[in-house]
Structure formats: structure tokens, C-alpha cells
Amino acid sequence: MTERIGFIGLGLMGHGMAKNLLAKGFALTVLGHRNRAPIDDLARRGAKEVKSAQALARDCDIVFLCVIGSTEVEALVRAPNGLKAGSHKNLIIVDCSTSDPSSTIALAAELAAAGIAFCDAPLGGTPAQAEEGQLSTMVGCQPIIWPRLAPVIGAWAAKATRVGLPGDGHKLKLLMNFLSMGYGALYSELLVVAQQAGLSPQVVDGVLRGSRFDCGMYQTFFAWVLERQEAHKFTIANSHKDMRYLAAMAERAGVANPMGNAVKNYYALADAAGRGSDYVPALSDFVAALNGVSLGSAPK
């Protein structure tokens, strides 16, 4: 059977994923949105547009969601004109957002009763990798679903790993984002301490780049610090949301999470100060301003 694919959420990541599904020959239906540019581009490539999630579910076998988080996913599923209202037996819904695992598990149980498989496949990678079909993903699904899902995900992912049951992908993604957002908070504070100690960002970078502390996260973060290149396109508001999900996950697991909460609080402060739409590397500017410091050439 050739799977008919639906896609909701054609933003920085979703557009590239959907484009690669079309390029691999899948019939694609997308949900209309006020941001017309990605939808119009996909329509020119052969995608069909519908006006409701209900209509999209009715016409598709596998539906991918790439939205902000659990609040948006739950609304798309449960709204009167949502995915559940248009569902049919053997429909698969895949949440590629970074969502709360407890919500994912609840939705999977709710939809299973109607013969619908709800899975999670949060993403690893950048918008550029999404455009190239080179993302990675960690998938939570029932074993029987994986043979149907794997070849479709392969259209937009270079590496797809089934990590367990629904919710397990989102658990792992939150842990990975804890590392990523933790790096962002550490880099920001490090730069401010270094500046006040007489060491500029350029001097710091000259030592850290190419050392054992260098990594992809370091390079995209410092691309902003040094050159104002927006290579790390993930917002402070989304980082704050993910760290709230992590804190809730740790609490449910009965684990003390002081470091996670320290990271969360940095993003919470920046978000509350109106910096939520800025990308993560701009946290360094916020932390500098919080301390009355201007990052630049350090005094000698």
C-alpha cells in the first residue's frame, strides 16, 4: 500500500520535511495556515491543501504534526473539526513536536480505543538539515506500527531510531534538550564572567574552538556571539517550554532536578523580559544585560 501522507505545521522544520516527502513520491496533503509562503511552495510541488484537520485525517493514512508542543497537539486532535473527528481505523498520527510525554501517553491510550495509532517522533537537527532530508528522530510507537512508519520517516530523516513505546521519544528528546539548553545557559554565563575578568568572547573562542569542548551546539551558539549569524534557530520561548516539560517529567519520576531548574530559570527570566522570540544564542546578550555587561573586546 502506498501511504497517503498528511502534514500540519510547515514552519522552519516542517517545510523541509514535507518537501522531502513529495520528492520521494508520497502523495501529500497539508493544512492551510496564515503563513502562505511554505504552503504555496509545497502546492507548486504537488501538495494538496485542505482547510481543517478533520478533512486532512479523512484523506490520509499517516499524519505528521510539527507544531509547538502538547497544547497545540491536543487541540489538533480533540477539536470538533480535529484529527479525531476525521479519523478512520488504521490511521497513524505522528507528533514530531517536542511535547510533554504524559500528554503523549494519554493521547495514545485515548486514540488506541478508536483504532488509531498515536506515535512520537521528535526531531534532531537544524532547518538546513530538514531541507536536505538529513534530520534524525527518536520514535516512540507500538512495534506493529514501525514497519509502516519507518520507510515514510526515511523520506526526511537520515537516522530514525525506534526507542520504545509512545511517549518514549518525547522523554528522550527532553533529556537531549536539557543538554542543549544547558549548554546555552553555561555558554552565556561563562561569557559574562570571562568578559568581566578581562577575556573577550574572541579570546575564549580562540581556546575552546577545536578543543574537546567544541561541538555543533558550541559552533552555532558562537556563530551568533561572534558574527551575529542566526545558525541556531530555536527560540528562547520554546526552550523555556521544554525545560518546564523536563521539570514536570523529573517530578513525576521522583527525581530532584536542581540543575534543570537552574537552566529553566534562565530561560524563564529571558522569556518574561520579552526575549522569547529571540533565538537561544541571544540568551548571552540577556545574561550580559542582566549583569550590566556588554560583550565585546575586553579591557586590557
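Above this text is the structure in question.
Residues numbered from 1 in each chain as written. Predicted model: local features only at pLDDT ≥ 70, side-chain atom pairs only at ≥ 80, totals over all residues. Heavy atoms only, no water.

**Quick word on the packing of aromatic side chains**
Following the criterion strictly, the structure yields eight aromatic pairs and no others. Ring geometry for phenylalanine 64 against tryptophan 156: centres 5.9 Å apart, planes inclined by 85 degrees, an arrangement best described as edge-to-face. Residue phenylalanine 64 is found in strand β4 (residues 62-65), and its partner tryptophan 156 is found in the loop between α7 (146-153) and β9 (157-164); the two are separated by 92 residues along the sequence. Each member of the pair phenylalanine 64 and tryptophan 156 is classed as buried. Both rings, one in tyrosine 187 and one in phenylalanine 222, keep their centres 5.9 Å apart while their planes meet at 75 degrees; by these two values the pair is edge-to-face. In this pair, tyrosine 187 sits in helix α8 (residues 168-196) while phenylalanine 222 sits in helix α10 (residues 216-227), placing the two residues 35 residues apart along the sequence. On the basis of relative accessible area, phenylalanine 222 is assigned to the buried category, the value being 1%. Put simply, the rings of Tyr183, Tyr187, Tyr218, Phe221 and Phe222 pair up and form one aromatic cluster. (Phe/Tyr/Trp six-rings, centres within 6.5 Å; stacked < 30°, edge-to-face > 60°. Helix = DSSP H or I, 4+ residues; strand = E, 2+ residues; numbered from the N terminus. Buried < 20%, exposed > 50% of the residue type's maximum accessible area, 1.4 Å probe, protein only.)

**Some remarks on unusual backbone geometry**
A positive phi angle, near 80 degrees, is found at asparagine 90, a position not held by glycine. Counting through the fold element by element, asparagine 90 comes out in the loop between α4 (70-78) and β5 (92-95). With a phi angle near 60 degrees, arginine 228 is a residue other than glycine that sits in the positive phi range. Tracing the chain through its elements places arginine 228 in the loop between α10 and α11 (236-252).

**Brief notes about the packing of helix α12 (residues 258-275) against helix α13 (residues 283-290)**
A pair of packed helices can be characterised by two numbers: the angle between their axes and the separation between those axes. Look at α12 against α13: their axes get within 10 Å of each other, and the N-to-C directions meet at 85 degrees. Regarding the angle of α12 to α13, the classification is roughly perpendicular. For the pair α12 and α13, contact is made by Tyr266, Tyr267, Leu269, Ala270, Ala273 and Arg275 and by Leu283, Asp285, Phe286, Val287 and Leu290, respectively. Taken together, the residues of the contact of α12 with α13 break down into nine nonpolar, no polar and two charged. (Axes fitted to C-alpha atoms, helices over the stretch in contact; angles between N-to-C directions. Parallel < 35°, antiparallel > 145°, perpendicular 65-115°, else oblique. Contact = heavy atoms within 4.5 Å. Nonpolar A, V, L, I, M, F, W, Y, C, P; charged D, E, K, R; others polar.)

**A word on the packing of α8 against α13**
Remark: α8 packs on α13, axes separated minimally by 8 Å, with the N-to-C direction vectors making an angle of 45 degrees. Of the possible angle classes, the one that applies to α8 and α13 is oblique. The crossing of α8 and α13 is right-handed. Counting all contacts with α8, which are made through Gly184, Ala185, Ser188, Glu189, Leu191 and Val192, the residues of α13 involved are Leu283, Ser284, Val287 and Ala288. Looking at the contact of α8 with α13 residue by residue, the classes come out as six nonpolar, three polar and one charged. (Left-handed = near helix turned anticlockwise from the far one by under 90°.)

**Structural notes on the side chain of serine 99**
Checked against the element boundaries, serine 99 lands in the loop between β5 and α5 (101-112). What makes serine 99 buried here is its relative accessible area of 1%. Polar contacts involving the side chain of serine 99 include one to the side chain of aspartate 95, which spans 2.7 Å. The residues touching serine 99, leaving out its near neighbours within four places in the chain, are Gly69, Ser70, Val73, Thr104, His170, Leu174 and Tyr245. (Polar contact = N/O pair within 3.5 Å; in protein donor to acceptor, adjacent residues only side chain to side chain.)

Note that all results are geometric; they support no functional claim without further evidence.
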